[in-house]
Amino acid sequence: MRHLQKFFKRSSLAHNDEGFMVPAMISFIIAAAILAVAVLGVILNNFFVVGHNVKSQQAFNIAEAGVDYYVWHLSHNGTDYQDGQGSPATQDPNLGYGPYTHDYVDANGDTTGTYTLWIKPQGIGSTIVTVTSIGKVNGSDATRTVQAKVGATSFASYAVLSDSELWFGNTESADGPVHSNIGVHMDGANNDVVSSSNSTYVPSTQYGGDGSTENGVWCDPTITSPVNCNTRSKANWQYPTTTVDFNQISGSLCSLKKIAFSEDSSTSSLAGQSNACSQLPTMRTAAYVPERSSSANVSRGYLINLNNDGTYDLYTVNNEKDTKTDYSSALSPTLVASGISFPTNGVIFVEDNVWVRSNPTFKGRLTIASGRLATSVATNINIAGNVAYSTKDGSDVLGLVAEGSVEIAPYAAPSTGDFTLEIDAAMLAETGNVQYRPVYNFSWFGSCTRGWVGDNQQLDFYGSVATRQNWTWSWEYSGRGGCGDAVYDSSSGYYISGFKNNTTHYDYNLLYAPPPGFPVTGGYTTLSWREVLTKP
C-alpha cells in the first residue's frame, strides 16, 4: 500500500505540471504575436517613412530644378519676370508674378512631378530677382518649397573696367575691383581685386611701359611712396582671368532705346518693331529726346540738369566753348522744359550729344543713354559740373551710357582756388574713353586743357567706370615749353592736364543693383537660397 500511495502522489504531480504549462505557452504565443505585430508595425512604418522621405526628396529636387530653369530663362531674357506669358499684369505684393506651373521631366523622359514658380524683381535697375519654386511629386502629397535670389553682374560691377590698358599713378588710389582685358599698371593704392585677362603684356609708353614684358598686373619698383611697390601686398592681384566682352554694349543701347520708346503712348508702338533702333521720331517725351543733328559736330546737343526732387531740366546746346570757366558761359544753354519727371522705368534715351550736371544734388534711380543708332556718327556724354547724389545708400544711382565717350569737360571744375569736384555715376563708353578731356576741341593742335596740382584741388569720383579705350582723370606732358593750360608739377617734373590728386571710390551698391537697364556682362547665377517650410 505504501508503494501504491507513492505512485499516486507522483501521478498527481505530473498532472499539475501539465496544467501550468498550457497557459504559459498560450501567454508566450500571445506575447510573441503582440511583439510580431509591433515589429511588423515598425517595419511598415519605416517603409512608409522611407517612402515619404524619398518622395519628399524628389519634391525638393523638383523645386531646385524650378530655380535652375528660371536662372536659365533670365540669362536669355533678363527683363522677363512673367515666364514669357506677359501676365499677370500686377504682382502679388509678397511673391511677385505667378503662379507659373511646369511639368518636371526626369532623365528617363518620364513626367514625375511639377514645379510652380513665383518671380519677384527687386526693383528698378536691380538685377536681383527672388524666385520661389514649389516642387510636387505626381501621385503624392509631398511638396517642398525653395526660395532663391538670383542676379547678374553688370558693367557696373567694377570700380574701373577697361578693354584697354590701365595705369593708376602713385597719387591715385583705387577703391573697389579693377579689371583690364589687357593689363594694369598699379602704382597707386588698391583695396580690392585687381585683375587682367593676360598673364603678361608689354605696356605702352603712354601707360608707363619701357618696352619690357610685365605681369598682367604690375607696379614700378622705383615707386616707393606713398605705396612701396617692392613691399606692398599683391595677394589680390589676379592674372589671367576671364575677358569681359564689350561687344555686348551695342545691343544694350538698342534695348535702352526700346525701353524709352515703351514709356510713352506716342512712341510705344515703335518699341516692338524689328527696326525700332533705327527709328528717328521727332516727338520728345520724358524718356526720349530726339536727334538735333546727324553730323559729327560734338558741340551741339542737349544739357540735362538733374534736380533733387525726381525731375530734370532740359536745355539745347548749340555751341560749346570749352575754354570757358563756367558751364553756363561755355554752353550758352537754351531752356526747353523744366521740372520734367523722371520716367517710371528710369531710362532717358537721347539721340544726340549730352551734357549733364546736378542742381545741386541728384535724387533717384536713372540711366541716361546717348547714341545715334540710326547712323554711324557716335555721340558723347560730357560732365559739365558736379554730379552729386543726395545720399550714398543705394537709393540714388545714375548711369551714363555713351555710344562714344564720357568726358569731364575742362570747365567742370573752378579754374583756380581750392575745390572738390564730386562726380557720382556709373559711366560706360561703348567705343570711346572715360576721361578728363585732354585737349580743347576747337583750339590749335597740342592746346592742352587746364590742370590742377594743388593739394586742395581734388576730384572725388564715386561710382564705376567701364571704357572701351582710355580711362584717366589726369594727363602728364613733358617738355620745357609746356602745353596750353596744363600746369607744371615740380614734384614730378611734368605738365599736368586734369586732376593730379584724385580718388576713385567704387559704389558697392552697384554690384547687384546697377542703374536701370545697365548692360550686363554675363548670365544670371544663384546668389543665395533657402528652403521655405510653408508653401505659399
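Here the structure is a predicted model, which is why all the values come from computation and not from measurement.

1. Some words on the pairing of strand S29 (residues 457-467)
Next up, step 1: Taken across its 11 residues, S29 has 10 buried, putting it largely inside the fold.
Next up, step 2: Here strand S5 (residues 160-162) runs beside S29; their pairing, made up of three bridges, is parallel. Of the residues in S29, the one forming a bridge with valine 160 is valine 465.
Next up, step 3: Judged from the 11 bridges that link them, strand S26 (residues 419-429) and S29 form a sheet pairing that is parallel. Paired with methionine 427 across the two strands is valine 465, which belongs to S29.
Next up, step 4: Note: S29 against strand S34 (residues 501-506), six bridges, orientation parallel. Across the sheet, residue aspartate 460 finds its bridge partner in S34, namely threonine 503.

2. What to know about unusual backbone geometry
Next up, step 1: Each neighbour pair has its own omega, and for serine 87 with proline 88 the value is 0°, a cis peptide bond.
Next up, step 2: Tracing the sequence through the fold places proline 88 in the loop between helix H1 (2-76) and strand S1 (97-105).
Next up, step 3: Along the chain, asparagine 359 connects to proline 360 via a cis peptide bond; the corresponding omega equals -15°.
Next up, step 4: Although it is not a glycine, aspartate 83 adopts a positive phi angle of roughly 55°.
Next up, step 5: You can see aspartate 83 is positioned in the loop between H1 and S1.
Next up, step 6: Under the relative-accessibility criterion, aspartate 83 is labelled buried at 7%.
Next up, step 7: In this structure, serine 332 takes a positive phi of about 45° despite not being glycine.
Next up, step 8: With respect to the helices and strands, serine 332 occurs in the loop between helix H4 (327-331) and strand S19 (334-341).

3. A few points about the pairing of strand S4 (residues 143-151)
Next up, step 1: Sheet analysis places strand S3 (residues 129-137) next to S4, joined by eight bridges and oriented antiparallel. Residue pairing in the sheet places isoleucine 134 in a bridge with threonine 145 of S4.
Next up, step 2: In sequence, S3 turns back onto S4 through a hairpin of five residues, with glycine 139 there showing a positive phi of about 70°.
Next up, step 3: Across seven bridges, the pairing between S4 and strand S35 (residues 525-532) is antiparallel.

4. A look at the environment of valine 137
Next up, step 1: Here valine 137 shows up in strand S3.
Next up, step 2: Separated by 138 residues in sequence, valine 137 and asparagine 275 place their C-alpha atoms 46 Å apart.
Next up, step 3: The residues contacting valine 137, other than those within four sequence positions of it, are Lys55, Gln58, Ala59, Ile62, Thr112, Gly113 and Ala142.

5. Let's talk about the state of the cysteines
Next up, step 1: Counted according to the given criterion, the structure contains three disulfides.
Next up, step 2: Across a sulfur-sulfur distance of 1.8 Å, cysteine 254 and cysteine 277 are joined as a disulfide pair. Across the disulfide from cysteine 254 to cysteine 277, rotation about the S-S bond amounts to roughly 95°, and the bridge is consequently right-handed. Taken as a pair, cysteine 254 in helix H2 (residues 248-262) and cysteine 277 in the loop between helix H3 (268-271) and strand S16 (288-289) lie far apart in primary sequence, 23 residues in all.
Next up, step 3: Covalent S-S linkage joins cysteine 448 and cysteine 483, the inter-sulfur distance amounting to 1.7 Å. Taking the sign of the S-S torsion, 70° for the link of cysteine 448 and cysteine 483, the bridge is right-handed. Residue cysteine 448 is located in the loop between strand S27 (434-436) and strand S28 (451-452), and its partner cysteine 483 is located in the loop between strand S31 (474-477) and strand S32 (487-489); the two are separated by 35 residues in the primary sequence.

Parameters and conventions
- Residues numbered from 1 in each chain as written.
- Predicted model: local features only at pLDDT ≥ 70, side-chain atom pairs only at ≥ 80, totals over all residues.
- Heavy atoms only, no water.
- Buried < 20%, exposed > 50% of the residue type's maximum accessible area, 1.4 Å probe, protein only.
- Helix = DSSP H or I, 4+ residues; strand = E, 2+ residues; numbered from the N terminus.
- Pairing = 2+ DSSP bridges.
- Contact = heavy atoms within 4.5 Å.
- Disulfide = S-S within 2.5 Å.

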